[in-house]
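Structural overview
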Amino acid sequence: MAKHFQRKGRRFLGVNLQGWIRGFFGGNAALSIVILFLICAFLVKEAAMFFPQHHRGLELYRKTGQEYVGHLIKEVDEYTILVSATNQAYYQELDAGYGAQRGVVDSSGGIMDALEDEGDDLIGELEDALDDFEDEPDDPEIAAAYKKAQENWKAFARETIAGLDRKEVDSFGRLEGHDGQWEALKEAMVDWDPVEGDPTPFVAKAKAEMAAGMSEFDAARIELGSAGNTLKDLKNKLVAEASQIKKEAVEDMSAAARKAAILEGSKKLATEEERIAAVAEAEKIVIRESFPFAEKTAAFGESFEAHESAANELKEKLVAAVAKLPSDFKSQAAAELIVGVKERTPDFIEKLDESVEEASQWKWDAPLGFWGSTMKFFFGRDWVTNSSWHDFYGLLPLITGSLLISLIALAVAIPFSIGAAIYVNRLASRYEQTFIKPAIEMIQAIPSVVLGFFGIMVLGEGLRELSQIGALSWVPGFPMQERLNIINAGLLLALMAVPTIFTLCEDALNNVPRSYSEASLALGASKLQTVTKVVVPTAISGILAAVLLGLGRIIGETMVVLLVAGNKIAIPDFGEGLGVIAQPAHTMTGIIAQEMGEVSAGTLHFRALFLVGLVLFTISLMINVAAQRIIKRLGHA
Amino acid sequence: MNDSSSTLDSADAPEVASNEPIISIDNLSFSYDLGSTNTLRDISLEIPAGKVTAFIGPSGCGKSTLLRCLNRMNDLVDTAKVTGGSISILGQDINAPDVEAIELRKHVGMVFQKYNPFPKSIYENVAYGLRVQGIKNKSVLDQAVEESLQKSALWDEVKDRLDSSALGLSGGQQQRLCIARAIAVKPQIVLMDEPCSALDPIATARIEELIAELQEDFTIVIVTHNMQQATRVSNRTAFFYLGELIEYDDTSKIFGNPTRKQTEDYVSGRFG
Ligand SMILES: Nc1ncnc2c1ncn2[C@@H]1O[C@H](COP(=O)(O)OP(=O)(O)OP(=O)(O)O)[C@@H](O)[C@H]1O
Ligand SMILES: [Mg+2]
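Residues numbered from 1 in each chain as written. Chains lettered and ligands numbered in written order. Predicted model: local features only at pLDDT ≥ 70, side-chain atom pairs only at ≥ 80, totals over all residues. Heavy atoms only, no water.

Quick word on the pairing of strand 7 (residues 189–193) of chain B
All names here are of chain B. In terms of burial, strand 7 is a largely internal element, five of the five residues being buried. Side chains Ile189, Leu191 and Asp193 of strand 7 all project onto a buried face; the interleaved residues Val190 and Met192 project onto the opposite face, where all are buried too. Bridging between strand 6 (residues 108–111) and strand 7 involves four bridges; their strand directions are parallel. Residue pairing for strand 7: Val111 is matched across the bridge by Met192. Pairing between strand 7 and strand 8 (residues 219–223): five bridges, direction parallel. Each bridged residue has a counterpart across the sheet, and for Asp193 the counterpart in strand 8 is Val223. Handedness of the crossover is the feature at issue here: the chain leaves strand 7, passes through helix 7 (residues 201–214), returns alongside strand 8, and the resulting connection is right-handed. (Buried < 20%, exposed > 50% of the residue type's maximum accessible area, 1.4 Å probe, protein only. Helix = DSSP H or I, 4+ residues; strand = E, 2+ residues; numbered from the N terminus. Pairing = 2+ DSSP bridges. Right-handed = clockwise from strand over helix to strand, strands pointing away.)

If you want it as structure tokens, here you go:
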């Protein structure tokens, strides 16, 4: 009897070919899910371990008194910003008002250096001749020899000066456009006396002119610069003390472990003497029940008054010095800087008062809540690592950098990509469609490191050149100080987002039934009216999803921001309004890429980077989920 | 456009004496591929004002194509081209270089085979044609919306939910809404391409009633596959076959006593 309904095909290990293929693909899918799970688990584990470690670090920071001293450090830092702005203004003004004189003085230094270098022997001869001459001024032979030496020097000086490279001497180009001064300086320097070394009258005159014109400003700036001396001294003293306490405390805490390690190691030593020595050394390590923080930091509690009086002194002197700053300037830049200093002074004083007040609240044993230390991560304004003082892990500067750059990128990319999608989908001719679409999608093929390179060499340079044009100085952020900054990174990321948004937008527009536009056109609407009144409103959720996915694309982008954003870990100064875009910034992705290679596993720094990664992951996930939701809703509509 | 060359751009409806044709098609040939093959060949036909004219014929014979020539919807096809002859509407050659399709379409409205209201409110659907003409005055719009919905026999059904989405209406209601939308801009001519083919018999009957009523205000050209429908609603009927006009006459004549053999075969259901 014939058999029916039998399985056909070869079988291996009891499974046929189809079963194997099924197993292969099923296995791949399962593997990728497992890997995804492992990645998430690892990320979450490392990140979660950050918080207790971070908390302990902050506790130590408080107990050692570093927290207290930290206030002083911040105060001095803020003050230093004012001082350096004032100094910068001073030099700007000096250049604007007395550029030629400054050039003369600077260049005379350069010429003197050159003469002294090359004319070493001649100067020696001249000195000897002078000595002889001074001993016996009446000897005609000696007088003649002295005269001869002087003449030799002059001939040498004339020759050397004539052969000097003007660019090298006047390296800042301050004498450019002052050829007369340059010639006069060269002539004057021939008469310079290398033995005495005093500046020639010509140079002295320039110096005097400079000093006379700038004396008021100079005095004011020096006064301003020294207003904080007391506070600075106090700060330096306390920093040294706190650092010492911290060092001791850390040593103390590791005492038990060190002792155990030495004892353990001693067993492997070769000779008996060595072993005894090691054990003796181990015995020397005192293991204390607890470190006497109260006793050690008592000095800080007593310095509250000194701190307050130093701050008051600074305030008084600062206000007096600021009042003496001039208000008429030849240099626009100087004027702006000084206006800035004057405006910021009251803020500074207010902050100083607050800081002094806050500092005086410090107690070494005040309890530190876990919630508080957690918030210090999410809202901390500093990210400082590998510091000899204390490492801070504050997310705020990184997240602001990331968001700011992404928002700029979106603001630029949205109109371009949506506009292009509408154009290609609804308005362009067949022929235009055949090349616009592939061209835009081709942008995706550019490796981001190449884009970064372009950003550094072309866009950054170009933007800065452009920003120097006087007629454009009304543009926020112009003229730019930095070549690598937020706007540069934002523009490049916009370029990267355009293909994503464009393609998805185009899809969304394609999904709008043709019958809608036909109906609209049949009613006498123009193509443009049809697009704005029917097509775009119908596709709006798809467009929104496209924008969100574009955002997801750029917020996770690393290479471009690492290369182009300027990598300055600081919250950008929003006080400049829109000009904030010309500042450098750092990003969440950038910091991970930059620092992950240098940290060792298990350290607080390592875990902080993982936590940043987790935050980034969460943000991307939320954006994607939101986009999916929108797309789903669109499907139901 | 200047006034002397065209009557289609004037806002007030140009009047046509009732005995004169409102549309006259003269030796029209039309191609979808820049003239390689003609989809319509040598069609001549005069459509009287204030009447309902039906286009019938087997599938693919070019009824829709001719209809879409009348409001220049074929402009949307890049390679479409009128290869010969002309169409004049209200005495104006609509393919003349100075005629704007957008202006033409304000006078020649269209209702499509598959009802296609916008995903907007009922009110906004009807007001759309006026809005794109720049009319913003609320009371003008309100009045036009009400009037159009009244005329398309939809007012009583929707007057309480003008702000709800048009997509929530039944198929027949949606098609009547599309008619309301088309007549809101007060065209002289309304083109209908198989307006009932997606509807059930009851909804179809309502649309047919509506056509009879609209005939008072508009000239209607309707494409239909349904012979009964053609006899019920139209005054004149044109029969097309393979891109050519075979016979054009009063509806009663076409269905009762056609001159051509092909027409007779088609209307009696022997092919099609
Ligand atoms: N957009 C277009 N591009 C190219 N050819 C087209 C296009 N639209 C229609 N055609 C062709 O033109 C011919 C006439 O089509 P049309 O749609 O006018 O026929 P119809 O009489 O309306 O048919 P039906 O009764 O099926 O609607 C057909 O052969 C069709 O394939
Ligand atoms: Mg058709």
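On we go from here.
Thoughts on the site of ligand 1
All names here are of chain B. Around ligand 1, the surrounding shell consists of Tyr32, Thr39, Ser59, Gly60, Cys61, Gly62, Lys63, Ser64, Thr65, Val77, Glu194 and His225. One of the backbone N or O atoms of Gly62 is found 3.0 Å from an oxygen atom in ligand 1. Of the residues contributing to the shell around ligand 1, the split by class is three nonpolar, seven polar and two charged. (Near = heavy atom within 4 Å. Polar contact = N/O pair within 3.5 Å; in protein donor to acceptor, adjacent residues only side chain to side chain. Nonpolar A, V, L, I, M, F, W, Y, C, P; charged D, E, K, R; others polar.)

Considering the confidence of the model for chain B
Per-chain confidence: chain B averages 86 in pLDDT, with 92% of residues scoring 70 or above. Predicted complex, confidence summary: ipTM 0.89, pTM 0.76. (pLDDT = per-residue confidence, 0-100.)

Brief notes about helix 3 (residues 120–135) of chain A
The end-to-end C-alpha distance of helix 3 of chain A is 23 Å, a good match for the 22 Å that 16 residues give at a rise of 1.5 Å each. Buried-residue contacts for helix 3 of chain A involve helix 2 (66–118) and helix 4 (140–162) of chain A. (Expected span 1.5 Å × (residues − 1). Contact = heavy atoms within 4.5 Å.)

Description of a nonpolar patch on the surface
Residue and element names in this part refer to chain A. The grouping of Phe12, Leu13, Val15, Leu17, Trp20, Ile21, Phe24 and Phe25 at the surface amounts to a nonpolar patch, some 900 Å² of accessible area in total. Among the secondary structure elements, Val15 is positioned in strand 2 (residues 15–16). A relative accessible area of 32% means that Val15 is categorised as partly exposed. (Patch = residues over 30% accessible without salt bridge, like charges linked within 9 Å, V, L, I, M, F, W, Y side chains within 5 Å. Areas by Shrake-Rupley, 256 points an atom, 1.4 Å probe, with all protein chains shown as cover. Salt bridge = Lys/Arg side-chain N within 4 Å of Asp/Glu carboxyl O.)

Description of empty space enclosed by the protein
Throughout the structure, instances matching the rule amount to three cavities of 30 Å³ or more. The calculated volume of the largest cavity comes to roughly 50 Å³. Lining of the largest cavity is provided by A:Ala519, A:Ala522, A:Leu523, B:Gly109, B:Met110, B:Val111, B:Phe112, B:Asn116, B:Cys178, B:Arg181 and B:Ala182. For the lining of the largest cavity, the secondary-structure elements that each account for two or more residues are helix 20 (514–522) of chain A together with strand 6 and helix 6 (171–183) of chain B. Grouping the constituent residues of the lining of the largest cavity by class yields eight nonpolar, two polar and one charged. One number sums up the size of the second largest cavity: a volume of about 50 Å³. Together, A:Ser402, A:Ile405, A:Ser406, A:Leu493, A:Ile554, A:Ile555, A:Glu557, A:Val561, A:Thr587 and A:Thr589 line the second largest cavity. Mapped by element, the contributors of at least two residues to the lining of the second largest cavity are helix 16 (396–427) and helix 21 (527–555) of chain A. (1 Å grid on protein atoms, 1.4 Å probe; cavity = no way out; pocket = protein on both sides within 12 Å on 5 of 7 lines; lining within 4 Å. Points joined across faces, edges and corners; volume = space filled by probe spheres on them.)

Re the layout of surface pockets
Quantified by volume, the second largest pocket comes out at close to 730 Å³. What lines the second largest pocket is a set of 25 residues, and nearest its centre among them are A:Arg426, A:Arg514, A:Lys527, B:Leu76 and B:Asp78. A total of four residues in the lining of the second largest pocket trace back to one element, the largest contributor, which is helix 20 of chain A. When the residues that make up the lining of the second largest pocket are grouped by side-chain class, the tally is ten nonpolar, six polar and nine charged.

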